[in-house]
Amino acid sequence: MSRADFYQLKSNDPASRYPLLCRLLEKCLGVGQQVYIICRDEAEALHLNQYIWAFKPDSFIPHICAHEEAQAIVVLGHTSTPAAAQPHHHEICINLSQALAPEKFDRIIELVVQETEMLQTARDHYAKYNELGRTMQYHKL
């Protein structure tokens, strides 16, 4: 059954999503799940690439950017990433963008902060995913 999870943070700073993102990635890796992260744009993907490497000195989250030739369990893309460069798995998509995540993923995760535009986008995405028949989960942190 396909599912959509929304994690609502107390902060209004979009960057406050990154520590939670890395903790979610660690959990996904722990159970062998593949993850595609959709960033707002290429600049955020490049920034997040560096952030993940520096997240914890004693942690290792193997990841690549979608345009790289290598393979990894975590792939960073953005809304302009061509479909051919996106991963072929259908497991988890963590959506940091304003666009809806592709329907092909079994689980979609959205990380929401207390910023007006982001809250409205989350409401719109919640309604659309629900309309598409996904099981909806909401987590207030």
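That block above? That's the structure.
Quick summary incoming for the structure in this document.

Points about the sheet that holds strand 6 (residues 107–112)
If you trace the 7 strands from one edge of the open sheet to the other, you get 3-4-2-5-6-1-7, paired in parallel fashion. In the strand order of this sheet, the two ends are held by strand 3 (63–65) and strand 7 (135–140), each with one partner. Across the sheet, the mean angle separating the axes of adjacent strands is 20° when strand polarity is ignored. As defined by bridge partners, strand 1 (residues 3–8) adjoins strand 6 across 6 bridges and the pair is classed as parallel. If you follow Tyr7 over to strand 6, its bridge partner there is Leu111. Packed onto the sheet, helix 1 (residues 17–30) meets strand 1, strand 2 (35–39), strand 4 (74–78), strand 5 (92–95) and strand 6 and runs at close to 155° relative to strand 6.

Quick word on the environment of Tyr7
As for its position among the elements, Tyr7 is in strand 1. Along the primary structure Tyr7 and Leu141 are separated by 134 residues, whereas in three dimensions their C-alpha atoms are 6.9 Å apart. Ignoring anything within four residues of it in the chain, the contact list for Tyr7 reads Leu20, Leu24, Arg107, Ile109, Glu110, Leu111, Val112, His139 and Leu141.

Some thoughts on the packing of helix 1 against helix 2 (residues 42–54)
For the pair helix 1 and helix 2, interaxial distance at closest approach is 11 Å and the crossing angle is 60°. As for how helix 1 packs across helix 2, the hand of that crossing is right-handed. Each of Arg17, Tyr18, Pro19, Leu21, Cys22 and Leu25 in helix 1 lies in contact with helix 2, whose residues at this interface are Glu44, His47, Leu48, Tyr51 and Ile52. In the contact of helix 1 with helix 2, the residues fall into 8 nonpolar, 1 polar and 2 charged.

Reading guide: rules and limits
Residues numbered from 1 in each chain as written. Predicted model: local features only at pLDDT ≥ 70, side-chain atom pairs only at ≥ 80, totals over all residues. Heavy atoms only, no water. Pairing = 2+ DSSP bridges. Helix = DSSP H or I, 4+ residues; strand = E, 2+ residues; numbered from the N terminus. Axes fitted to C-alpha atoms, helices over the stretch in contact; angles between N-to-C directions. Contact = heavy atoms within 4.5 Å. Left-handed = near helix turned anticlockwise from the far one by under 90°. Nonpolar A, V, L, I, M, F, W, Y, C, P; charged D, E, K, R; others polar.

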